[in-house]
Amino acid sequence: MNAAPHLITRHLGALELLTAEYGAARVVFSTRAGGVSRGPYAQLNLGLSVGDDPAVVLHNRGLLCEALALGLDELVIPGQVHGTRVAVIGERERGRGARSRDDVIHDTDGLVTAVPRVALVTSFADCVPVFVVGETATGALVIALAHAGWRGMLAGVVGTLVQTVATLGVPRAALVGPSIGPCCFAAADDVADQFAQHFGAEVVLRESDEAAVDLWRCAAIDLERRGVAPAAIVNPRLCTSCDARFFSHRRDRGLTGRQVAIAWLADGDSEGSGT
Ligand SMILES: [Zn+2]
């Protein structure tokens, strides 16, 4: 099983979701469409840390779970800090962070699991979601998600994610989700210089006065350095700042909601992402 996961758009009720499958592995990216949040958080805000009404956010999370035939208490949500800590998640952590920020997986930007119906969730509004799927010696799958903002990308969270997958199986394929593209990620010169040092000059674009950093290329470089074949890395090149379907921290000047990446291993009787 070497085919890279291919992203397709699904309309499930009022929700518009981007979904991909790799064997029993499912990965879904939400858009703004279909939720009940209002104002700057309209519509499907899934983040509890942005100032939206928590009851409304939980309602939105319920809508997403319903569309995906998952239980709210099957989600696992980390407290993201733009760091590099990656946590291996098992049965015991199922449900953490799903209903409250109090019991999130603290100070964590990457999640890995091999347990069916443990739904890993990471939250975004420009930062780069990276999904990785690996395969164990017995053919079972391991899935992983990282939240890679520019600080986490520079610090190496994508490489750490793949390394953690590699402790359980062989990394096979990856998908880089909707996030701020090189078209919109202008960066100060000192930041751009750090990226050039870590990833090579190719990730810094200097077509105007201001430098721009290609975080998508950075993610691919770290995936390739850790052994994921270039042909097994999919990037639909959806820029959250250009594409009004998504929340964008930069475009919306900091006052906005969060979309999520959600990944899980379907069990035998799951409907998965609606196929
Ligand atoms: Zn853009």
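About the thresholds
- Residues numbered from 1 in each chain as written.
- Predicted model: local features only at pLDDT ≥ 70, side-chain atom pairs only at ≥ 80, totals over all residues.
- Heavy atoms only, no water.
- Phe/Tyr/Trp six-rings, centres within 6.5 Å; stacked < 30°, edge-to-face > 60°.
- Helix = DSSP H or I, 4+ residues; strand = E, 2+ residues; numbered from the N terminus.
- Core = buried A, V, L, I, M, F, W, Y, C linked by side-chain atoms within 4.5 Å.
- Buried < 20%, exposed > 50% of the residue type's maximum accessible area, 1.4 Å probe, protein only.
- Contact = heavy atoms within 4.5 Å.
- pLDDT = per-residue confidence, 0-100.
- Lys, Arg positive; Asp, Glu negative; His and termini not counted.
- Salt bridge = Lys/Arg side-chain N within 4 Å of Asp/Glu carboxyl O.
- Polar contact = N/O pair within 3.5 Å; in protein donor to acceptor, adjacent residues only side chain to side chain.
- Axes fitted to C-alpha atoms, helices over the stretch in contact; angles between N-to-C directions.
- Left-handed = near helix turned anticlockwise from the far one by under 90°.
- Nonpolar A, V, L, I, M, F, W, Y, C, P; charged D, E, K, R; others polar.
- Donors = N, O, S within 2.8 Å, 3.2 Å for Na, K, Ca; no water.
- Tetrahedral: all angles 85-135°; square planar, octahedral: opposite > 155°, others 65-115°.
- Expected span 1.5 Å × (residues − 1).
- Pairing = 2+ DSSP bridges.
- Parallel < 35°, antiparallel > 145°, perpendicular 65-115°, else oblique.

Undergrad: How should the packing of aromatic side chains be read in this particular structure?
TA: For the coordinates displayed, the defined rule picks out 1 aromatic pair. Arranged with centres 6.0 Å apart and planes meeting at 20 degrees, the rings of F195 and F199 form a pair that is stacked. With F195 and F199 both in helix α4 (residues 189-199), this residue pair falls 4 residues apart, about one helical turn.

Undergrad: Even after reading the chapter, I still don't get the nonpolar core, so can you show me in this structure?
TA: Nonpolar side chains in soluble globular proteins tend to be buried together. By size, the foremost hydrophobic cluster in this structure holds 69 residues, and its most contacted members are F131, V132, M153, F195 and L223. Looking at which element gives the most residues to this core, the answer is strand β9 (residues 141-148), with 7 residues. Aside from chain neighbours lying at most four places away, what touches M153 is V128, A148, V158, F195, F199, L215, C218, A219 and D222. Core analysis: the second largest hydrophobic core is formed by 19 residues, L46, C65, L70 and L75 among them.

Undergrad: Any chance you could explain the confidence of the model for the protein chain here in plain terms?
TA: Low pLDDT means the predicted coordinates in that region are not meant to be read closely. For the protein chain, per-residue confidence averages 95 on the pLDDT scale, and residues scoring 70 or more make up 96% of the total. A low-confidence stretch, residues 269-275 (pLDDT under 50), is modelled with 16 contacts involving residues beyond four sequence positions or located in other chains.

Undergrad: For this particular structure, what's the right way to read the side chain of E93?
TA: Structurally, the position occupied by E93 is in the loop between β5 (86-88) and β6 (110-113). No salt bridge is formed by the buried E93; the nearest opposite charge belongs to R92, separated by 4.1 Å. Of the polar contacts made by the side chain of E93, one reaches the backbone nitrogen of G90; its length is 2.7 Å. Residues contacting E93, with those up to four places away along its chain left out, are V76, V88 and I105.

Undergrad: Where do I start with the packing of helix α3 (residues 157-166) against helix α5 (residues 215-225) in this structure?
TA: Each pair of packed helices can be summarised by the angle the axes make with each other and by the distance between the axes. As a packed pair, α3 and α5 sit with axes 8 Å apart at the nearest point and diverge in direction by 35 degrees. The interaxial crossing formed by α3 with α5 has right-handed handedness. From α3, V158, G159 and V162 reach across to α5, where they touch A219, D222 and L223. Each residue belonging to the contact of α3 with α5 can be placed in one class, and the counts come to 4 nonpolar, 1 polar and 1 charged.

Undergrad: What should I look at first to understand the coordination of the zinc ion in this one?
TA: When a metal carries six donors in an octahedron, the ideal angles between them are 90 or 180 degrees, while four donors in a tetrahedron ideally lie at 109.5 degrees. Distances from the zinc ion to its protein donors, C183 (SG), C184 (SG), C239 (SG) and C242 (SG), fall at 2.3 Å. Here the zinc ion binds 4 donor atoms, and the angle range of 101 to 117 degrees at the metal identifies the geometry as tetrahedral. With relative accessibility at 53%, the residue C242 sits in the exposed group.

Undergrad: Is there a simple way to think about helix α1 (residues 54-68) in this case?
TA: In an α-helix, one turn spans 3.6 residues, which is why side chains three or four residues apart end up on the same side. The end-to-end C-alpha distance of α1 is 21 Å, a good match for the 21 Å that 15 residues give at a rise of 1.5 Å each. Burial in α1 covers these residues: V56, V57, N60, R61, L64, C65 and L68. Those residues of α1 that are buried lie in contact with β2 (15-22), β3 (25-30), β4 (75-76) and β15 (259-265). Sitting at the head of α1, D53 places a side-chain oxygen 2.9 Å from the backbone nitrogen of A55. In the segment just after α1, A69 is the residue with positive phi, at about 55 degrees.

Undergrad: Where do I start with the sheet that holds β6 in this structure?
TA: The strands making up a sheet associate through hydrogen bonds between their backbones, and the pairing can be parallel or antiparallel. Read from one edge to the other, the open sheet built from 6 strands follows the order β5-β6-β9-β8-β10-β14, with strand pairing classed as mixed. Of all the strands in the sheet, the pair left with one neighbour each is β5 and β14 (233-234). Inspection of the sheet shows β5 paired to β6 by 3 bridges, in the parallel sense. Bridge pairing in β6 places A87 opposite L111. Against the sheet, α5 makes contact with β8 (128-135), β10 (170-176) and β14, and its axis sits at roughly 20 degrees relative to β8, the strand it touches most.

Undergrad: Where do I start with the sheet that holds β4 in this structure?
TA: If you walk across this open sheet you meet the 6 strands as β1-β2-β3-β15-β7-β4, and the pairing is mixed. Among the strands making up the open sheet, the edge pair consists of β1 (8-12) and β4. Across 5 bridges, the pairing between strand β7 (residues 119-124) and β15 is antiparallel. The partner of L120 across the bridge, within β15, is A263. Across the face of the sheet, α1 comes into contact with β1, β2, β3, β4 and β15 while running at roughly 50 degrees to β2.

Undergrad: So what exactly am I meant to see when it comes to the packing of α4 against α5 here?
TA: Look at α4 against α5: their axes get within 11 Å of each other, and the N-to-C directions meet at 25 degrees. Considering their axes alone, α4 and α5 lie roughly parallel with respect to each other. Remark: the crossing between α4 and α5 carries left-handed chirality. Contacts between α4 and α5 involve F195, H198 and F199 from the first element and L215, C218, I221, D222 and R225 from the second.

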